[in-house]
Amino acid sequence: SILSNKKQVKSTCSYCGVGCGVVLTDHGKGKLTLEGDKSHPSSKGMLCSKGMNLHYTVMDTSDRLLYPTMRYNRDMPLQRVSWDQALDRTAAVFKAIIKKYGPDAVGFYVSGQCSTEEYYVINKLIKGFIGSNNIDTNSRLCMSSAVVGYKLTLGEDSVPVCYDDIELADTFLVTGANPAWAHPIIWRRVEAHKQANPHIKIIVVDPRRTQTASQADLHLQITPGTDVTLTNAIGRALIENDWIDTDFIVSHADGFEAYKDQVMQRSISEAAEICGISSDEIYLAARYIHEAKGFMSMWTMGVNQSVIGVNKNLSLIDLHLITGKIGEEGNGPFSLTGQPNAMGGREVGGLANMLPAHRDLLNPAHREEVQAFWGGTKISDKPGFTATEMFEALADGRMKAIWIVCTNPMVSLPNINAVEKGLQNAKYVVVQDISNRSDTVKYADVVLPAASWAEKNSVFTNSERRITFLPKLINAPGEAKDDTQIIVEFAQKMGFEKAFDYQNTAEVYAEHCRSTVGTNIDISGLSYEVLQQKRSVQWPYPQEMAIQDPEYIGTKRLFTDNQFYTANRRAKIHAVPDQNQSEALSKEFPLILTTGRIRDQWHTMTKTGKVNKLNQHISQPFIEIHPKDAAERGITENQIVEVKTIRGEARIKAKITTDIKQGVCFMPMHFGKIQEKTFGRTNNLTNTLVDPRSKEPDFKYSAVQVLPY
Ligand code: SF4
């Protein structure tokens, strides 16, 4: 068992969705060391700068929340209390609010960094026992457009490929992503593959010349928001050249004729002009896709975080369906998950519109099934508030209390000034976190200290559907507790003792596995024990397969038989209109602001920001601006500029570079307030538009002005 040696465990990096394996050793007296786990199939021993330094985030406890704190009004400081005092009062307040305003007046805002067990108990509590669907997660800001895209095309939220497909592909279309910085270990595999096989083609679609784009054979530097115009035009070029797979379409997909009509409406030259690239580049991209034996698309926030994020996903997956390049080795769409357990959160249905095991909240049969399984209250048919809606509901009084777990919305949500209004107006705010560095802590009525990675047993699912067990190695500092335990104790205080009578997280996980029986994501063959024995497996992992084959390690690749999860088992090709619906540019706000990550920081820096080695790369926020846009405004390199929108402003250093397309600016998403007059909180500026179907915000397109300060 990997737990047998208590001083050393195999675990998984808790930053991005790549989910690299680590070996963590406890040398006593607070000293830990960490190395890549060569036996982990996702990463084969490799780690990026963030993963290599992950152990420092638990070794340095200087910022850790050590005991519960509470206050009776916001003018008072938070004061130390016992766990019982904090949870008793919170249960009393929740009960009183629910009695007076109904269950939809409370909600949980959680995180793609929560474990599967944490997600499971919170989801069960709010939907099955409190009687509201008000649980949403920062994964809403991340993968929800991809989820809808997969469901509408493949019939299920299901990543068809695995990482081993990388070495079997020969054309990569990387769009709206900078994996060289944000998913480094996946990118190392692409780089190594290209080095060994120089014929391999990499196409990168990005308004910035990122490190990933600088390695591309073809960099399509499009104007933000024109992604669908581009992918539709590539589709047209594939059709014009008869580079489509008619046999696959006839046998396994619906919707081609409508798709063809749609993409033929715009000429390639017209599309090229809209995107700000050349027709030749579009034809070349189509050729690279056609000539590939293995064609993988990879995408992340540049596609998902958009007011037309679902359409961008549909038009991209269309390219696989019209060429039949899916379900075979080295072929398929591959959404790169941002967070380490965003996929696990979806598995348990931990979002406002979902139920466990990818069941659909709007399906009455699914609601009844889950209600019978949990034995709780009737599950409401009203979808809960999504991430941005929750803070709007707090601001206008529809919601009164919010419980925030493992996320820092005061830096990460769009339009922070509106988020702040929501938190200020809330009657009761609970913040459950590991660190006092979270900007959201200061808005809390109760702060609950949580255990961190390596301080609790938990399970994560990474980008390739790979489920890994993360064992506890060290004790949490002070009185900090396992998040699952905190929620279970609270549920008991709310009067739901019987349904939350878990002795440990293994029992929670076992219940989650049972809830998946008979679904497309059946993992009924799994348990903590199996995960410890096998190290990791890929879902689905049904019990009958596990019994039949002792060596079974799950399902590497989906749709190898071209049978999709739709009702008629055929994939659906979508005709997608290409108009962007983002905020309009104006004379006052003529530039497009796009946002993203930098190499060595993670989210709002509560963890990476305290690791010295990671601050050496880029330590200050900045705005990238094109030389022509800078010259027009009299902006010089490193000058402090003011970036303005109708929502708010930021003041930061200008970085003048031809790496960004003219008319576009870029700011990293991570930073909060820096000094009194200099602050780079990007989400002061971003807008609150969301995709109508995925409810994912339009982070990558805000109308701004940039002027010398
Ligand atoms: Fe961690 Fe992601 Fe880096 Fe792997 S690639 S070490 S999971 S941050």
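(A) Here's a closer look at the packing of helix α5 (residues 144-154) against helix α15 (residues 309-323). Two elements in contact, α5 and α15, have axes whose closest approach is 8 Å; the angle formed by their N-to-C orientations is 45°. Here α5 is positioned oblique relative to α15, judged by the angle of their axes. The two elements α5 and α15 meet at a crossing, and its hand is right-handed. In this structure, α5 uses Ser145, Ala146, Val148, Gly149, Tyr150, Leu152, Thr153 and Leu154 to contact α15, whose residues at the interface are Gly309, Val310, Asn313, Leu314, Ile317 and Leu321.

(B) Geometry of the confidence of the model for the protein chain. Chain-level statistics for the protein chain give a pLDDT mean of 95 and a share of 98% at 70 or above. Note on residues 1-5: pLDDT under 50 across the span, and nine contacts to partners over four residues away in sequence or across chains.

(C) View of the site of the ligand. Around the ligand, the structure places Cys13, Tyr15, Cys16, Val18, Gly19, Cys20, Leu47, Cys48, Lys50, Gly51, Pro184 and Ile185. Put simply, the parts of the chain that give the shell around the ligand at least two residues each are α1 (49-52) and α7 (184-196). Across the shell around the ligand, the residue classes tally to nine nonpolar, two polar and one charged.

(D) Structural context of α5. Along α5, nine of the eleven residues are buried, which leaves the element largely enclosed by surrounding structure. Listed as buried for α5 are Ser144, Ser145, Ala146, Val147, Val148, Gly149, Tyr150, Thr153 and Leu154. Residues of α5 that are buried make contact with β12 (295-299), α14 (301-304), α15, β13 (332-335), α16 (342-347) and β22 (571-572). With its phi angle positive at about 85°, Gly155 sits one or two positions after the end of α5.

(E) Up close: the sheet that holds strand β27 (residues 664-668). Reading around the barrel, the six strands line up as β23-β27-β24-β26-β25-β28 and close back on themselves, with mixed pairing between neighbours. Within the sheet, the average angular offset between the axes of one strand and its neighbour, ignoring direction, is 45°. Alignment of strand β23 (residues 591-596) against strand β28 (residues 702-708), held across three bridges, turns out to be antiparallel. Residue Leu593 lies in a different strand from β28, and its bridge partner there is Ser702.

(F) Molecular detail of the pattern of salt bridges. In this structure the tally under the stated criterion is 39 salt bridges. For the salt bridge of Arg535 with Asp37, the shortest nitrogen-to-oxygen distance reads 2.8 Å. One end of the pair, Arg535, is in the loop between α23 (528-534) and β21 (536-538); the other, Asp37, is in the loop between β3 (31-36) and α1, with 498 residues separating them in the sequence. Using a relative accessible area of 8% as the deciding quantity, one classes Arg535 as buried. With a relative accessible area of 2%, Asp37 lands in the buried category. Taking the shortest distance from any N to any O, the salt bridge between Arg359 and Glu369 comes out at 2.7 Å. Of this pair, Arg359 sits in strand β15 (residues 359-360) while Glu369 sits in helix α17 (residues 364-374), and the two are ten residues apart along the sequence. The exposure class assigned to Glu369 is partly exposed, which follows from its relative accessible area of 40%.

(G) Just the nonpolar core, in detail. Grouped together as the largest cluster of nonpolar side chains are 122 residues, with contacts concentrated most on Phe172 and Leu526. Among the elements that make up this core, the one with the highest residue count is helix α9 (residues 227-240) (six residues). Setting aside anything within four residues of it in sequence, one finds Phe172 in contact with Ile166, Val190, His193, Ile200, Lys201, Ile202, Ile203, Met296 and Met298. Judged by nonpolar contacts, the second largest core, of 50 residues, contains Phe108, Trp374, Ile379 and Phe500.

Definitions and limits used
- Residues numbered from 1 in each chain as written.
- Predicted model: local features only at pLDDT ≥ 70, side-chain atom pairs only at ≥ 80, totals over all residues.
- Heavy atoms only, no water.
- Axes fitted to C-alpha atoms, helices over the stretch in contact; angles between N-to-C directions.
- Helix = DSSP H or I, 4+ residues; strand = E, 2+ residues; numbered from the N terminus.
- Parallel < 35°, antiparallel > 145°, perpendicular 65-115°, else oblique.
- Left-handed = near helix turned anticlockwise from the far one by under 90°.
- Contact = heavy atoms within 4.5 Å.
- pLDDT = per-residue confidence, 0-100.
- Near = heavy atom within 4 Å.
- Nonpolar A, V, L, I, M, F, W, Y, C, P; charged D, E, K, R; others polar.
- Buried < 20%, exposed > 50% of the residue type's maximum accessible area, 1.4 Å probe, protein only.
- Pairing = 2+ DSSP bridges.
- Salt bridge = Lys/Arg side-chain N within 4 Å of Asp/Glu carboxyl O.
- Core = buried A, V, L, I, M, F, W, Y, C linked by side-chain atoms within 4.5 Å.

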